[in-house]
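As a plain string of letters, each chain reads:
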Amino acid sequence: MGRALTEGRRVGGRYLAGRLLQSGLLLLCVSAVSYGIMNMAPGGPLAVYLHNPQVTPTQVELLRHQLGLDLPWYVRYVAWLGGLLRGQWGYSYYTGQPVLAMIGERLPATLALMGASFLIAVGVAFPVGLYAATHRYQWTDHLVSLGSFFVWAMPTFWLGIVLQLVLAVQLRLLPVAGMHDIGDTSLADLLRHLALPALVLGLGSMASWSRYVRASVLEVLGEDYVRTALAKGMGWRRVLARHVLRNAFLPVVTLMGLELPALFSGAVITESIFGWPGMGRLFLAALNNRDYPLQMAGLMISAALLITSNVATDLVYAALDPRIRYG
Amino acid sequence: MALVSLGVLGVVAGAALFAPLLTPYNPATLDLDHSLAGPSLSHPLGTDDLGRDELARLLYGGRISLLVGFAAMIVGGIIGVVLGSVAGYFGGWADAAIMRLVDLILSFPAIFLLLVLLNWTSGVRTSVLLLIAYLGLFGWTGLARIVRAEYLSLRSREFVEGARAIGARTRRILFRHILPNALGPVLVQLAFAVGGAILAEAALDFLGFGLPPDIPTWGNLMTRAEDYIVTAPLLVVAPGIVVTLTVVSVFFVGDALRDALDVRTPYWGPR
Amino acid sequence: MPLEKGWTGRGPLRLWISGSRVDFRRRVLLLILGGLLLGPWGSVGAAPPRGTFVTALGDTPDNLNPYLHSLLASSAVYRYTFDSLSRVDFQGRWEPALATSSTVSKDGRAWTFTLRRGVRWSDGAPFTSADVKYTWQLATNPGVHVTYATGFDRISSIDTPTPGQVVYHLREPYAPFKEQVAGAPIVPRHLLGHLAPEQINHSAFNRRPVGTGPFRVVDFVPDDHVTLLPNPYYWGERPRLRRLVVRIVPDEDARVNLLRAGELSLLPSVPPSRLEEIRRLRGVVALRYLAPVYALVQLDEYQFLRDVRVRQALDFATPKASIIRNVMKGQAEPAASDMVPTGPWANRRLHPRPYDPAQARRILRDAGFAPGPGGYLFKDGRRLDIPLWTVSSHLQDVRIMQVIAQAWREIGVYTETHAVSPAALFGQDGPQWNGKDAALIFSWGQGVFPENKINWHSAYIPKDASSPGENAERYANPEMDRLLEAADRTVDEAKRHLIYDRIQELEWRDVPVIFLFWYVNTDAVASSVRGYAVTTFGTTAPETWDVP
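Enquirer: What is the right way to look at the overall build of chain B in this model?
Expert: Counting secondary structure elements, chain B contains 10 helices and zero strands. Each of the 271 residues in chain B was classed as buried or not, and the buried ones make up 58%. A fraction of 72% describes how many contacts in chain B between residues 6 or more apart in sequence connect residues 24 or more apart. Surface summary for chain B: the accessible area is close to 10,500 Å², and the carbon and sulfur share equals 71%.

Enquirer: Could you clarify how one ought to interpret the nonpolar core in this entry?
Expert: The tendency in soluble globular proteins is for nonpolar side chains to be buried side by side. Ranked by internal contacts, the top residues of the largest apolar core, which has 114 residues, are W158, L163 and V217 of chain A together with Y151 and W218 of chain B. The element that contributes the greatest number of residues to this core is helix α9 (residues 187–221) of chain A, accounting for 15 residues. Look past the residues within four positions of L163 of chain A in its chain and what remains in contact with it is A168, L196, L199, V200 and L203 of chain A. With 65 residues, the next largest nonpolar core counts A73, L115, F127 and Y532 of chain C among its residues.

Enquirer: I'm lost on the interface of chain C and chain B in this one. Help?
Expert: By a widely used convention, the size of an interface equals the accessible area lost when the partners come together. Taken together, the 31 residues of chain C in the interface contact 32 residues of chain B. A combined buried area of about 2,700 Å² lies between chain C and chain B, and 53% of that area is made up of carbon and sulfur atoms. Contact with chain B buries surface across chain C, with L395, R399 and Q402 of chain C losing the most and accounting together for 22% of the total. Along the contact surface separating chain C from chain B lie two salt bridges. Taking the shortest distance from any N to any O, the salt bridge between R399 of chain C and D49 of chain B comes out at 2.1 Å. Joining chain C to chain B, the criterion identifies seven residue pairs in polar contact (both at pLDDT 80 or more). Broken down by secondary-structure element, the contributors of at least two residues to the side of chain C that touches chain B are α10 (320–327), α12 (395–410) and β18 (417–420) of chain C. In terms of residue count, α12 of chain C provides more of the side of chain C that touches chain B than any other element does, eight residues in total. Along the lines of polarity and charge, the residues of the side of chain C that touches chain B split into 10 nonpolar, 11 polar and 10 charged.

Enquirer: It is not clear to me how the environment of Q138 of chain A should be interpreted in this structure. Could you clarify?
Expert: Residues and elements named next belong to chain A. Relative to the elements of secondary structure, Q138 occurs in the loop between α6 (99–134) and α7 (139–153). Exposure remark for Q138: the relative accessible area of 19% places this residue in the buried category. Note: C-alpha distance between Q138 and V151 (13 residues apart in sequence) is 20 Å.

Enquirer: Which parts of the structure should I look at to understand the packing of aromatic side chains?
Expert: Any aromatic ring pair is given by two values, namely how distant the centres are and how the planes are angled relative to each other. The tally for this structure, following the rule as stated, stands at 31 aromatic pairs over all chains. Ring centres of Y89 of chain B and F90 of chain B lie 5.2 Å apart, and the angle between their planes is 85°; this geometry places the pair in the edge-to-face category. According to the relative accessible area criterion, Y89 of chain B is buried, its value standing at 10%. A cation over an aromatic ring shows up here: R79 of chain C above the ring of Y80 of chain C, its NZ or CZ 4.9 Å from the ring centre.

Enquirer: Before we go on, may I ask you to explain the sheet that holds strand β15 (residues 377–379) of chain C in this structure?
Expert: In space, the three strands of this open sheet follow the order β14-β15-β16 (chain C), with antiparallel pairing throughout. Of all strands in the sheet, those bounded by a partner on one side alone are β14 (370–371) and β16 (382–383) of chain C.

Enquirer: Looking at this structure, how should I read the pattern of salt bridges?
Expert: Here the idea is simple: oppositely charged side chains can pair when their charged atoms come close. On inspection of all chains with the given rule, the structure shows 38 salt bridges over all chains. The closest approach of N and O atoms between R399 of chain C and D227 of chain B, which form a salt bridge, is 3.4 Å. Residue R399 of chain C is located in helix α12, and its partner D227 of chain B is located in the loop between α9 (218–224) and α10 (234–261); the two belong to separate chains. Residue R349 of chain C pairs with E505 of chain C through a salt bridge whose shortest N-O separation is 3.2 Å. Of this pair, R349 of chain C sits in the loop between β13 (332–334) and α11 (357–366) while E505 of chain C sits in helix α16 (residues 493–510), placing them 156 residues apart in sequence. The exposure class assigned to R349 of chain C is exposed, which follows from its relative accessible area of 60%. Each of the salt bridges in this network shares a partner with another, and the network as a whole consists of E105, R106 and R281 of chain A together with R207 and D223 of chain C.

Enquirer: What is the right way to read the pairing of strand β20 (residues 513–526) of chain C from this model?
Expert: Both faces of the sheet carry side chains from a regular strand, because those side chains alternate between them. Residue and element names in this part refer to chain C. Of all the 14 residues making up β20, 13 are buried; the element is thus mostly covered by neighbouring parts of the structure. Pairing of strand β11 (residues 266–267) with β20, which is carried by two bridges, proceeds in the antiparallel orientation. Bridging across to β20, L266 finds its partner in V525. Relative to β20, strand β12 (residues 284–300) is paired through 12 bridges, and the arrangement is antiparallel. Note on β20: the bridge partner recorded for A295 is F517. By the bridge criterion, three bridges tie β13 to β20 in an arrangement that is antiparallel. By the bridge assignment, A332 is partnered in β20 with Y519.

Enquirer: Would you mind showing me how to read unusual backbone geometry here?
Expert: Among all residues except glycine, the phi angle is most often negative; among peptide bonds, the trans geometry is most common. All names here are of chain A. For R172, which is not a glycine, the phi torsion comes out positive at approximately 55°. Tracing the backbone shows R172 in the loop between α8 (156–170) and α9. The backbone phi angle of R290 is positive, close to 55°, even though this residue is not glycine. Here R290 falls in the buried class, since its relative accessible area comes to 8%.

Enquirer: I would appreciate a short explanation of α7 of chain A in the present structure.
Expert: Each turn of an α-helix holds 3.6 residues, which means side chains three or four residues apart point in the same direction. Counted at 1.5 Å a residue, the expected span for α7 of chain A with its 15 residues is 21 Å, and the 21 Å between its end C-alpha atoms agrees. Every buried residue of α7 of chain A is accounted for by T140, D141, H142, V144, S145, S148, F149, W152 and A153 of chain A.

Enquirer: Just to check I follow, could you spell out the environment of R214 of chain A for this structure?
Expert: Its location among the elements puts R214 of chain A in helix α9. Taking the C-alpha atoms as reference points, R214 of chain A and Y93 of chain A, 121 residues apart in sequence, are found 48 Å from one another. Contact partners of R214 of chain A, with chain neighbours within four places excluded, come to G129, A132, A133, R136, Y137 and D141 of chain A together with F251 and D255 of chain B.

Enquirer: Which parts of the structure should I look at to understand the packing of helix α2 (residues 13–40) of chain A against helix α5 (residues 73–85) of chain A?
Expert: How two helices sit against one another is set out by the angle between their axes and by the gap between those axes. All names here are of chain A. At their nearest, the axes of α2 and α5 sit 10 Å apart, and the two run at 140° to each other. Between α2 and α5, the angle is such that the two are oblique. In this structure, α2 crosses over α5, and the sense of that crossing is right-handed. Here L28, S31, A32, Y35, G36 and N39 of α2 lie close against α5, whose contacting residues are W73, R76, Y77, W80 and L81. Taken together, the residues of the contact of α2 with α5 break down into seven nonpolar, three polar and one charged.

Enquirer: Just to check I follow, could you spell out the side chain of E507 of chain C for this structure?
Expert: Residue and element names in this part refer to chain C. Of note, E507 is situated in helix α16. For E507, which is buried and forms no salt bridge, the nearest opposite charge comes from R353, at a distance of 10 Å. Those residues in contact with E507, other than ones at most four positions away along the chain, are S337, D338, N452, W456, M480, P512 and F515.

Enquirer: In this structure, what is going on with the pairing of β18 of chain C? I would like to understand it.
Expert: All names here are of chain C. A two-sided burial pattern is seen for β18, the buried positions comprising T417 and A419 on one face and H418 and V420 on the other. Bridge count for strand β17 (residues 388–391) against β18 is four bridges, and the pairing is parallel. Residue pairing for β18: W389 is matched across the bridge by H418. Where the polypeptide runs from β17 across α12 and back to β18, its parallel neighbour, the crossover connection is right-handed.

Enquirer: Quick question: what am I supposed to make of the side chain of R155 of chain B here?
Expert: All names here are of chain B. Residue position: R155 is located in the loop between α6 (128–154) and α7 (158–165). Buried within the structure, R155 lacks any salt-bridge partner; its nearest side chain of opposite charge belongs to D95, at an N-O separation of 6.7 Å. Within polar-contact distance, the side chain of R155 engages the backbone oxygen of Y89 at 2.9 Å.

Enquirer: Even after reading the chapter, I still don't get the confidence of the model for chain B, so can you show me in this structure?
Expert: The predicted coordinates of low-pLDDT regions are not to be read in fine detail. Looking at chain B, pLDDT values average 79 and 88% of them are 70 or higher. Across chain B, the secondary-structure element scoring lowest on mean pLDDT is helix α5 (residues 110–120) of chain B, at 67, and the one scoring highest is helix α3 (residues 54–90) of chain B, at 89.

Conventions adopted
Residues numbered from 1 in each chain as written. Chains lettered and ligands numbered in written order. Predicted model: local features only at pLDDT ≥ 70, side-chain atom pairs only at ≥ 80, totals over all residues. Heavy atoms only, no water. Helix = DSSP H or I, 4+ residues; strand = E, 2+ residues; numbered from the N terminus. Buried < 20%, exposed > 50% of the residue type's maximum accessible area, 1.4 Å probe, protein only. Contact = heavy atoms within 4.5 Å. Areas by Shrake-Rupley, 256 points an atom, 1.4 Å probe, with all protein chains shown as cover. Core = buried A, V, L, I, M, F, W, Y, C linked by side-chain atoms within 4.5 Å. Buried area = accessible area lost by both parts, 1.4 Å probe. Salt bridge = Lys/Arg side-chain N within 4 Å of Asp/Glu carboxyl O. Polar contact = N/O pair within 3.5 Å; in protein donor to acceptor, adjacent residues only side chain to side chain. Nonpolar A, V, L, I, M, F, W, Y, C, P; charged D, E, K, R; others polar. Phe/Tyr/Trp six-rings, centres within 6.5 Å; stacked < 30°, edge-to-face > 60°. Lys NZ or Arg CZ within 6 Å of the ring centre and 35° of its normal. Pairing = 2+ DSSP bridges. Expected span 1.5 Å × (residues − 1). Axes fitted to C-alpha atoms, helices over the stretch in contact; angles between N-to-C directions. Parallel < 35°, antiparallel > 145°, perpendicular 65-115°, else oblique. Left-handed = near helix turned anticlockwise from the far one by under 90°. Lys, Arg positive; Asp, Glu negative; His and termini not counted. Right-handed = clockwise from strand over helix to strand, strands pointing away. pLDDT = per-residue confidence, 0-100.

Structure (structure tokens):
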């Protein structure tokens, strides 16, 4: 970081401003493209009524008119955009609730689940990857590789159901599903219910992250300064702590940055298996039912998060690696 | 270890290629009265939900899965490396344009794009080529980001300055000098890309963009057996193990390749 | 090399660096320890306490207002909170609910109901004829996002001469009035009557409804659970349960796991693949019943399928019994028409055509088809192409499709199978609108009532993917049209039965669709539950359920 001061600012204010402008334009672009594509896709919010024994033709026509679906999509898009900028994000076609309220309801549960799984993944991936790197090519490394890839290759639904059966049904260590027992609002109860789904999710991520950590650590272990430090008589522990860990961070930071938007969008399969009321299920339902207002709201928020996390990742990257300059 | 992996890959690929020699069963022949049978002498891996021999489906499934997996990896890999290296090395406008494109693609649900694409190809049945196209086109973004990150950090290194000083052409610098050094995370990503493509094909199949249902692939073997996780676990586990072996082997072979190509990175770690 | 001094790097048990205790055994140990710490043995997965009834749904209810809901899950919940004028009990008999008696005028155009006295809404307000009239006004309000309100459009006006009497005036006699209107939920005027349509669309009533039913909703956490308590003002038998909880768990296997862990009183619709496992569980009873839902192959009549002989041949060439036995594993019953066999409307003289490929080949030969290149059948130089389509995520239907494809190919039909998304299947670019023969496999929830005009009447042949009307097979038969219209007008039950018998005969003869089977459901009930029984018509009344 000392070099940064002598070389002048590496990440200028102009760069930041440029990125912010790009982000805004990008969001606008995303919203327009998504709205268009959504409306071009076959099916529609009324599809669920068309194939139903109890519906009447006049009712469907009336619904179509009430929801404004008889207007061309660009007209609806402009209306929606106008509402968005004024803070009115619309109502769900199905529940009639304000979409922001529906999202807000599920936010705490989603953050809890994704946050916990993130922690588990990070907490396990780093030690595992480090271990594998420093025991390169020994049988333990291969075992770790095999295990990691297996966990990664097996579908989430398999991992989830098997763990649920073993840990919850047969061993009765943890609850089967849901966020809390009926009537129990304690933290201990929440943690008990959080354990399984977070574990399932975390294991899946952990597998691939530990591979990246391993690769990254191996790269660093080949650097000159490591050799220099060792030649100077620094012990392994200090070398690892001082140099290796910090520099191995870099590519892994990119990876973590990629995962940040998932904190919001949740994980559908895990939520479905464990009955966790998260965003993943909400947006899957919105997608299937073509609940446009809800879908667009979710899309805008996750796109904004994605774009923001990319900008943040780039900035952190520049901060960590003195060799990176932008512009 | 690399040799072992190469061997494993060879066995897997060979088994898939020579499937008709290895099994008397046709993977599409139904035998309803003997569905969901456990492993036996006549059916080493049992039968699936419609009585088809599981081993035969696994072997024939390998043909499509391996083809799709590697092809999609190559397509996605080329796009990702090229775009990522350009973005990372040149910076400025190129970087901004490419990265914003990545953001755009990642921002909206791919399912809609797929539905619309399917419309435009007006109900053309999903063929293997179309599958490879879908998977490659959607899979390059992660690789591009990682490649960009590597190039960003490597472009100001001395050896790059050196290459520029002696007048090497840009393309040469990008691919002959920098790329071997960036290979570490790239190879990891590529190994995952193979497996990822195989699994993504399963997801596409579940959503309705897959191959016709009697054609087996490892991915759709796993999804179609979802109902039977508890009652006939082998149906899901067997393809999963095969996919794992493939991905692990690709990874190790890639690792060895990197070592072979790589003059610069020694290993100062504990032996 | 100096690096290696003092360190061998061998063995996974070596802790060679502080701060990274990473060998395997410890990692696994840590996980288990964590699990143990987070919950003492046996205290989790507790069975529901006495008086509490817990069941599970796969979807979250979208809207608990009966006239604004779209998903089945919503009706599964609001059934506990609303009543109708009359209702069908679990044995299929009509019984009085909010109305104690009713009469129909001679010309069939006026229905008079005498309302039960002393009924109150769950918030204490009195129930009167004004509520019944308001329900009609809500169901026909053009500003409200009304979804299902079949039959209400036949009403021209309603009289409420006294708070205890309602008279419906219809434009013309309409036989389905009984099930569609008299069997429809009544909603409270005192809570909704003064609201503007937009307010109704977004009202909190849609999450926390007020009805006259045995239970009331006290807590609704979307995607998580719904809690219901007994309605203190209920007009009927006092509910024996202290609490009713509906948990929302989307995954089928996870719901079975919940049952196995003892956390459920009732699991509706056990997936067939885990039936054996459930049947062997102690403390759980499996209740088997026929669902009023049938699986079919819709034959879109564009080219060769317009010839009834081709359709009959395909019926003979479809191995229905084998599908029931091997694919559905016995969890299905044969179907000869669209009226459920355990119901009062089924024509019991009809039986499904047996699997007879030889007969199928004969019929096709007599219809002018002859084997050609590839072993497929040709007529007038064109090959008999009938592609099969179904929804990719319906795994059972995908299996059935493959079985049928193999059987049809054996008699010389060229068929390709397609498993696609619902939008691709039923959408404008799907197989129903491309002018070619196609066979679609899906299910239809006919229910226990006979109204099926939208399936077979030529006026309901949809013009395109967005027009409603279920006669996508394009079946057009003037006699069928006349019968269907007459059925709607004939209020006399005996005469109506005769008409529907003839309708079913035509369905059997003309094969507009191939009827595959009726679904058999199995509900799993904990043995601690009393009073729960289920049939094709539904369950016993919830107020009689108990968990003592």
